[in-house]
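Structure at a glance
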Amino acid sequence: MDVVLRRCHTDLRELLNPDNIIPYLNRRILLTPEEWQKLIIPTMTLFDKVDFIISVLPRKGEGWWGKFLSCLENSGLEEHAQLKEKLEQAAAQPKELKPTAERSLQGVDKSTGGHGESCSSPTSRQRSSDYPDAPDKGLITCESLEKEYNDNIQVKEAEKAELDQILKEPKLEVLIQTVNNNEFYAAMLQLENYRASKCTVHDQICGSYSYYFIGHWGEVKVAIVQTGMGNNGAYGSWYETKKAMHFIPNLRYIFAVGVCGGMKGKVALGDVVVSKVIAGYTDLKITDKGWANRSLKNVLTEDNFYQFLSKAETQREVQEKLIFGTVLSAPWLIASIDMQKQLIEELPEAKDAVAFEMEGYGIVQACYGKFINCMVVKGVSDLADKNKKDNWQPTAAKNATHYLKEMVKKAKHIFET
């Protein structure tokens with residue numbers, strides 16, 4: 001019985017580890033900086049963390065939440081039984097999120113404002129230099145983007161016997177990683193003839209499935225995959241990149257495509273950010289003298305495709321407003337001007353930063369030592385401050401995916417080399 005109890009306590013603490021909680025919460029809700037800080041304070045007791053989780057996200061369901069309740073039930077301790085009852089009562093009456101809260105539902109969000117337009121070939125670039133009073137009129141809505149996807153995309157499920165032939169084809173060298181549905185729909189709507197082959201692969205070690213949608217951007221064959229949010233954690237970019245490198249052995253380019261938060265004063269809503277440098281800021285040494293960043297960097301100045309994108313004549317051919325610079329990447333969402341200022345003060349990399357995002361550094365880590373180039377190409381959907389909201393996400397994702405697709409088409413000679 002003691003062994004069972006020790007194992008149960010170990011399971012509970014593992015489930016309450018920030019690395020496990022954060023991906024779970026992120027799939028449902030974006031936390032404010034203050035909530036992030038509370039969640040990762042190491043001095044919090046197990047039950048303090050549980051109370052915090054209840055206040056943030058009372059919810060029934062499977063996955064992390066179901067496992068947590070199961071551990072409480074199987075522990076045999078009266079205090080755990082009481083805690084389980086408290087959780088279930090809280091889940092029965094979920095806390096409503098106020099519209100002014102610095103949070104936004106993730107996935108197919110029901111944002112408000114604006115009327116949709118076609119995602120696949122925009123007639124005019126949507127961009128705003130003002131915030132938070134940026135005009136909503138003319139923005140693509142989540143609903144219209146999802147409808148266009150459902151109305152147009154034709155997916156054929158690949159047979160199991162065909163998987164190796166499709167995924168190991170020498171010409172399949174480009175992987176497009178997206179996270180939320182806005183990003184995924186926007187990327188899929190760039191496919192030629194709206195057609196894709198769906199390849200379902202199973203990671204037997206972790207027991208998870210991934211779905212690669214194979215099609216063409218121009219004459220270049222690409223694979224599109226939807227990952228979990230963040231660099232690490234369950235189904236994050238690091239894990240999905242490692243898996244993709246196994247199942248698609250000829251990969252040469254991996255793009256993190258979608259939406260990001262922009263550095264206020266350097267970008268505007270709707271701009272497309274192209275990473276000259278992907279700089280992580282998770283591996284820090286913090287002393288009385290300040291912060292020392294020990295994270296990897298991915299510098300693209302010597303990459304042929306980046307050089308092609310950065311040419312002035314190339315940039316004149318596109319509609320989108322392009323911003324080239326350093327992209328800061330870490331598994332937390334920035335929605336605070338104070339945090340932006342602190343990063344600029346503490347990290348040399350932040351002084352040249354133009355945007356924040358959460359997946360690029362995971363790809364950099366996974367590709368370390370490999371002959372695979374990785375790049376972030378994302379549209380600015382917010383300015384990483386307290387006014388963050390999601391109504392710009394579909395338009396920003398459209399701008400980024402349309403730009404990258406056109407550039408991949410024009411640079412086919414690079415991908416064929």
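Residues numbered from 1 in each chain as written. Predicted model: local features only at pLDDT ≥ 70, side-chain atom pairs only at ≥ 80, totals over all residues. Heavy atoms only, no water.

**Some remarks on the packing of aromatic side chains**
- Tallying each qualifying case throughout the model produces twelve aromatic pairs.
- Arranged with centres 6.2 Å apart and planes meeting at 55°, the rings of Phe184 and Tyr185 form a pair that is tilted. Just as Phe184 is buried, Tyr185 falls in that class too.
- Each ring, one from Tyr281 and one from Trp332, has its centre 5.7 Å from the other, and the planes form 80°; the classification is edge-to-face. Residue Tyr281 is located in the loop between strand 7 (272-280) and strand 8 (284-287), and its partner Trp332 is located in the loop between strand 11 (322-329) and helix 13 (337-346); the two are separated by 51 residues in the primary sequence.
- Since its relative accessible area comes to 2%, Tyr281 is described here as buried.
- Judged by its relative accessible area of 32%, Trp332 is partly exposed.
- Among the aromatic residues, ring-to-ring pairing joins Tyr253, Phe255, Phe305, Phe308 and Phe415 into one connected group. (Phe/Tyr/Trp six-rings, centres within 6.5 Å; stacked < 30°, edge-to-face > 60°. Buried < 20%, exposed > 50% of the residue type's maximum accessible area, 1.4 Å probe, protein only. Helix = DSSP H or I, 4+ residues; strand = E, 2+ residues; numbered from the N terminus.)

**Looking at the pattern of salt bridges**
- Taken as a whole and assessed by the stated rule, the structure comprises 13 salt bridges.
- For Glu169, the salt bridge identified is with Lys221, shortest N-O distance 2.7 Å. With Glu169 in the loop between helix 8 (163-167) and strand 2 (174-178) and Lys221 in strand 5 (residues 220-226), this pair connects stretches of sequence that are 52 residues apart.
- The exposure class of Glu169 is partly exposed, given its relative accessible area of 24%.
- With relative accessibility at 16%, the residue Lys221 sits in the buried group.
- With a closest N to O distance of 2.8 Å, Glu357 and Lys378 form a salt bridge. Note that Glu357 is positioned in strand 12 (residues 353-357) and Lys378 in strand 13 (residues 373-382), a separation of 21 residues in sequence.
- For Lys378, a relative accessible area of 1% translates into the label buried.
- Each member of the salt-bridge network shares a partner with another, and the members are Glu357, Glu359 and Lys378. (Salt bridge = Lys/Arg side-chain N within 4 Å of Asp/Glu carboxyl O.)

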